[in-house]
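Coordinate inspection notes
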Amino acid sequence: MKKLSYILLYICLGIVAVFQLLPIIWLFLFSLKSNREIFGGNPFALPREWLWENYAKVWEGGIGLYFFNSVWITVVAIILTALFASMATFAITRMHWKLDKLVLGLFMVGLMIPIHSAIIPLFSMFLNVNLIDNPISIVLTYTAYNLPITMMILLGFYYTLPREIEEAAIMDGCSIHRLFFRIILPMTTPVLSTIVIINMIYNWNEFVFVNTFISSDQYKTLTVGIQNFIGQYMTDWGAIGATLIISLLPILIAFIFFSNKVVEGISSSAVKG
Amino acid sequence: MNKVMSNKWMIAFYIMPALLMVAFLIFIPLGLSAYYGLMEWDGIGAMEFIGMENYITAIQDAAFWDSALHSFLLAVFSTLSLIVYLAISMILASKIKGADILRKIYLIPMLLSSVAIAQLWIKVFNPANGMLNRALMWLGVENPPAWLANPDIVLYAIFVPILWQYAGFYILIYYAALKNIPESLIEAAKIDGATPIQIAYRIKLPLIKGIVKVTVVLAIVGSLKYFDLIYVMTNGGPNGASEVMASYMYKLAFSTNEFGYGSAIGFLLLIITLIVTVIVRKLTEDKENIQY
């Protein structure tokens, strides 16, 4: 009886897993097929011929450029976010000043703001300073909008750092910059890796800002790029599948290697409204 | 020590980069959104002050109310689906082998971009060759529907990938909360003869009430401002049948150049989100705090 109910529970859990994975597996399979095989054959059969040229075709056809843009914008925004968030968290948790609680409150309110309420004014602000159709606008918005959640994750860690370390360092005549960059920052490596991966997911997948602020093909990132691109290949399912798989791959690979960090980061982002 | 750590210049040096970015790119735009909402403006030409007229227009705008209704429907479905996620998490947290790998598999859709999910599900819903209709035809269903082209079902069709996307997230949160419940409490209940259903409903659920509350707020607020996937999948169509508040606002500003009216809707979206958050928090407020 007990065994039977366990089997039933496993079947439930298995069905959910299949539901979550099946569309992605189907996508991978048709990314390697020709239209004839996709429309004619069994959707879940392995490709008769593995058409890796679908991937080469879309990469050469423009996806390579979008991929490159996504990589550098993601990386620059991650570095800025991690640096500024660490500095601000350091100032709030370790330095002595009156308005620290108020400033912290401001950052935390930033967690609840729906970005769509700000997008029209942001657009006109960037238009006024000539940053529309300039990737700087994207890097700036990614950094600003990820700061609150990043600081949220950092805060808990900073509060646990022992005060004796900085007291000893300052006694020895260590400057604040040295204390922060040489002692505190290296100590936060475990939590830094969590925020890097969570920022990577956010930046890599972001769509609205790029779609609104960037119009030239040369600056588009993958999320917006694949939008246009798929328009061109409307009827070539293999090409569309290959494009989508390329766009998913970096995050999936990161997930395979750092799944615990991803889980940790996503759980702490639960508070992000 | 205190002197070094309370040097005003140093504090400014560390706090200002982040503070300025958040001020200029989050708070000032929000203020401007309220301000633009009072203007007649096409985004380029001169602004004209028209007071509350945009808000009056919104109240009389049937298309806006339709989009608001769709957003609220999504909120209802997302909230109801939490019950299913909670049940799955309860199973997962009950000493199941492979629970860790399963919850990670569930999480995968959450890691993908909304654009990729939208494009994938456009294909899943494809009338002739999509995964869904191929399966239905194989099961013997004749003429399965054109999911995204039929105004009567398109809204519910696009709810499916949205739920698919977030299921793993909520399961992850519930699972973590359930794993925090001390084993001794469950054992004690078992010794007293409680059935698994009783344990789930009378012991586990009350103990994770705080987290459930947080997820209800997240699901509702997240639904009200939901945008990306719908914009890519249907762009609100056919004929407004899947329009939501955020996509309606976006269309007003960036397709028809009604920046003033769009800003007013954007500001309404912010206010509605904040009000709903407060209401949900109040409704689910705890009279007693449970400690264990």
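All figures in this text were calculated on a predicted structure; none of them were measured in a lab.

1. So, the interface of chain B and chain A
- Across the boundary between the two partners, chain B contributes 85 residues, which contact 97 residues of chain A.
- The three residues of chain B that bury the most area against chain A are M5(B), Y14(B) and L111(B), which together make up 10% of that side's buried surface.
- Applying the counting criterion to the chain B and chain A interface returns zero salt bridges.
- Counting residues per element, the side of chain B that touches chain A draws most heavily on helix α2 (residues 8–36) of chain B, which supplies 20 residues.
- Of the residues in the side of chain B that touches chain A, the class split is 62 nonpolar, 15 polar and eight charged.

2. Some details on empty space enclosed by the protein
Residues and elements named next belong to chain A.
- Summed over all chains, the structure comprises four cavities of 30 Å³ or more.
- Roughly 50 Å³ of internal volume is contained in the second largest cavity.
- Along the walls of the second largest cavity sit W26, L29, F30, K33, E37, I38, G41, N42 and P43, which together make up its complete lining.
- Residue assignment for the lining of the second largest cavity shows that the elements contributing at least two residues are α1 (2–30) and α2 (35–40).
- The element contributing the most residues to the lining of the second largest cavity is α1, with three residues.

3. Quick look at the UniProt feature "transmembrane region" (unreviewed entry) in chain B
- Residues annotated in UniProt with the feature "transmembrane region" (unreviewed entry) correspond here to residues 12–38, 72–93, 105–122, 153–177, 211–233 and 259–280 of chain B.
- End C-alpha to end C-alpha, residues 12–38 of chain B measures 36 Å, and it is 93% helix and 0% strand.

4. Let's talk about the layout of surface pockets
- Here the largest pocket defines a volume of roughly 1,100 Å³.
- Lining the largest pocket we find 31 residues, and of these M90(B), S94(B), P196(B), A200(B) and K204(B) sit closest to its centre.
- Going through the elements one at a time, α1 of chain A together with α4 (62–92), α8 (154–179), α9 (183–191), α10 (196–207) and α11 (209–224) of chain B are the ones with two or more residues in the lining of the largest pocket.
- Residues that form the lining of the largest pocket fall into these classes: 22 nonpolar, three polar and six charged.
- In this model, the second largest pocket occupies a volume close to 410 Å³.
- Lining the second largest pocket are 19 residues, with L22(A), F44(A), M131(B), L132(B) and A135(B) sitting closest to its centre.
- Those elements that provide at least two residues to the lining of the second largest pocket are α1 of chain A together with α6 (114–124), α7 (131–138) and α8 of chain B.

5. So, the nonpolar core
- Judged by nonpolar contacts, the single largest core of 196 residues is most densely connected at F90(A), M95(A), F107(A), I266(A) and Y106(B).
- Looking at this core, the element that brings in the most residues is α8(B), giving 17 residues.

6. Here's the deal with the UniProt feature "transmembrane region" (unreviewed entry) in chain A
All names here are of chain A.
- Under the feature "transmembrane region" (unreviewed entry), the UniProt entry names residues 7–29, 63–90, 102–127, 139–159, 179–202 and 237–258.
- Its end C-alpha atoms 40 Å apart, residues 63–90 is made of 100% helix and 0% strand.
- Along residues 237–258 the backbone is 100% helical and 0% strand, and the end-to-end C-alpha distance reaches 31 Å.

7. Focus on helix α3 (residues 53–60) of chain B
All names here are of chain B.
- Considered for burial, the residues of α3 that qualify are N54, Y55 and A58. Taken around the axis of α3, the buried residues stretch over an arc of 95 degrees, which confines them to a single face. Facing away from the buried side of α3 by over 90 degrees, the exposed positions are I59 and Q60.
- Where α3 is buried, its residues touch α2, β1 (39–40), α4 and α14 (259–283).

8. A short note on a negative patch on the surface
- A surface patch of negative charge is lined by E40(B), D42(B), E48(B), E53(B) and E258(B).
- Within the element layout of this structure, D42(B) appears in the loop between β1 and β2 (48–49).

9. Concerning the side chain of Q20(A)
- Checked against the element boundaries, Q20(A) lands in helix α1.
- If sequence neighbours within four positions are ignored, Q20(A) has contacts with I105(B), Y106(B), P109(B), W164(B), A167(B) and G168(B).

10. Structural notes on the confidence of the model for chain B
Residues and elements named next belong to chain B.
- Counting all residues, the mean pLDDT for chain B is 89, and 97% of those residues have values of 70 or more.
- At the low end of the mean pLDDT range in chain B sits helix α1 (residues 2–5), at 75; at the high end sits α4, at 94.
- Overall, residues 288–292 carries pLDDT values under 50, and its contacts beyond four positions in sequence, including any with other chains, amount to seven contacts.

What counts and what doesn't
Residues numbered from 1 in each chain as written. Chains lettered and ligands numbered in written order. Predicted model: local features only at pLDDT ≥ 70, side-chain atom pairs only at ≥ 80, totals over all residues. Heavy atoms only, no water. Contact = heavy atoms within 4.5 Å. Buried area = accessible area lost by both parts, 1.4 Å probe. Salt bridge = Lys/Arg side-chain N within 4 Å of Asp/Glu carboxyl O. Helix = DSSP H or I, 4+ residues; strand = E, 2+ residues; numbered from the N terminus. Nonpolar A, V, L, I, M, F, W, Y, C, P; charged D, E, K, R; others polar. 1 Å grid on protein atoms, 1.4 Å probe; cavity = no way out; pocket = protein on both sides within 12 Å on 5 of 7 lines; lining within 4 Å. Points joined across faces, edges and corners; volume = space filled by probe spheres on them. UniProt positions renumbered as here; feature names shortened; annotations may be inferred. Core = buried A, V, L, I, M, F, W, Y, C linked by side-chain atoms within 4.5 Å. Buried < 20%, exposed > 50% of the residue type's maximum accessible area, 1.4 Å probe, protein only. Arc of directions from axis to C-beta. Patch = residues over 30% accessible without salt bridge, like charges linked within 9 Å, V, L, I, M, F, W, Y side chains within 5 Å. Areas by Shrake-Rupley, 256 points an atom, 1.4 Å probe, with all protein chains shown as cover. Lys, Arg positive; Asp, Glu negative; His and termini not counted. Charge placed at Lys NZ, Arg CZ, Asp CG, Glu CD. pLDDT = per-residue confidence, 0-100.

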